[in-house]
Amino acid sequence: MTLPTLDARLGAVLDLIRADTHADIGTDHARLPVRLVREGRVSRCVAVELNPGPLALARRMVARARLSEQIDVRQGDGFAPLLAGEVQSASVTGMGAYTICGILERAGEKLPPALVLQPNDSPLWLRTWARARGYHLRSERLLPGHWTYPVLRLERAEGEDPAYAALPEAAALRYGPLLLREGPPLLLERVRADIARLTPVAAPGREAWDELAAAREALAWVEGR
Ligand SMILES: C[S@@+](CC[C@H](N)C(=O)[O-])C[C@H]1O[C@@H](n2cnc3c(N)ncnc32)[C@H](O)[C@@H]1O
């Protein structure tokens, strides 16, 4: 049986998942759960979908892959259809960061110890959420696509997240502490584009002023490594 193809962002998400039991929240086409099980990265997966159309699509995909024993497709909002402690990790991908944050906030004690998140916009709020809720950043990637897609792996851990040590905070939250340390070309492209966009509109007291300061700090840090 042929495996469902994944675009670059979902391919990066796949690479960051290895667990006995996993949940994919907002699964839609269920391509990720099918690949996770087929490649032996997880032995069991719960695929959660809120809306009836994508839910039916997910059920068809799983049945066609003959994986109904290993992938349980459930309808519901975020982590609501899961039991506390049922999965070791979860992915929430292909949505805005604000929507993802809402799903994580509503999850309460059902949140697993590992999360792989892929927002379609700035991950600033997800990094801020992770710091406040006791998750450390273990991996960050930037993928080309319709937008520049960030992918984050978070793990529950005690104390301050060492990823942020010695970095300018605003720049690290906006651009990613691990990405700043690594300095990939796509990040530099993003930072330079932000500086070009923000410079004409930045003025004291405006949001663009702080954003520009963070972008300049990020550039200085990456270039000075
Ligand atoms: C744009 S699709 C992304 C699909 C897939 N995760 C990906 O990255 O390609 C977002 C999916 O999440 C579902 N969704 C949105 N909010 C949700 C929620 N609170 N709980 C479960 N599913 C949700 C939508 O119905 C939609 O199918």
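Below or above, wherever it landed, is the structure these notes cover. Because the structure is predicted, anything quoted here is derived from the model rather than measured.

With that settled, consider the environment of Arg197. Following the sequence through the fold, Arg197 ends up in helix α8 (residues 185-198). Judged by relative accessible area, Arg197 falls into the partly exposed class, the value being 47%. Once the C-alpha coordinates of Arg197 and Asp121 are considered, the two residues, 76 residues apart in sequence, prove to be 17 Å apart. A polar side-chain atom of Arg197 sits 3.1 Å from a polar atom in the side chain of Asp194.

Quick look at the pairing of strand β6 (residues 135-143) now. Burial of β6 is extensive: seven of the nine residues sit out of reach of the surface. As paired elements, β6 and strand β7 (residues 149-156) share eight bridges and run antiparallel to each other. In the strand pairing of β7, Tyr135 is matched with Arg156. Joining the antiparallel neighbours β6 and β7 is a turn of five residues.

Among the 17 residues in the neighbourhood of the ligand, the closest are listed as Arg9, Glu49, Asn51, Asp77 and Thr93. At a separation of 2.8 Å, an oxygen atom of the ligand approaches a polar side-chain atom of Arg9. One of the backbone nitrogen or oxygen atoms of Gly78 is found 2.8 Å away from a nitrogen atom of the ligand. For the ligand, whose free accessible area comes to 600 Å², the fraction covered by protein is 82%. Ranked by the residues each element gives to the shell around the ligand, the list is headed by strand β4 (residues 89-95), at three residues. Here the residues of the shell around the ligand sort into five nonpolar, seven polar and five charged.

Before going further, it helps to examine the side chain of Asp161. Within the secondary structure, Asp161 is located in the loop between β7 and α6 (169-175). Within polar-contact distance, the side chain of Asp161 engages the backbone nitrogen of Leu137 at 2.8 Å. Setting aside residues no more than four positions away along its own chain, Asp161 makes contact with Tyr135, His136 and Leu137.

So, about helix α3 (residues 52-64). In this model, α3 (13 residues) spans 18 Å end to end at C-alpha, consistent with the 18 Å of a helix rising 1.5 Å per residue. Looking only at α3, the buried set comprises Leu55, Ala58, Met61 and Val62. End-on, the buried residues of α3 take up no more than an arc of 125°, which puts them together on one face. Exposed residues pointing more than 90 degrees away from the buried face of α3 are listed as Pro52 and Arg64. For α3, the elements touching its buried residues are α2 (31-38), β2 (44-49) and β3 (71-75). After α3 finishes, the residue Arg66 shows a positive phi value of roughly 55°.

Cut-offs applied
Residues numbered from 1 in each chain as written. Predicted model: local features only at pLDDT ≥ 70, side-chain atom pairs only at ≥ 80, totals over all residues. Heavy atoms only, no water. Helix = DSSP H or I, 4+ residues; strand = E, 2+ residues; numbered from the N terminus. Buried < 20%, exposed > 50% of the residue type's maximum accessible area, 1.4 Å probe, protein only. Polar contact = N/O pair within 3.5 Å; in protein donor to acceptor, adjacent residues only side chain to side chain. Pairing = 2+ DSSP bridges. Near = heavy atom within 4 Å. Areas by Shrake-Rupley, 256 points an atom, 1.4 Å probe, with all protein chains shown as cover. Nonpolar A, V, L, I, M, F, W, Y, C, P; charged D, E, K, R; others polar. Contact = heavy atoms within 4.5 Å. Expected span 1.5 Å × (residues − 1). Arc of directions from axis to C-beta.

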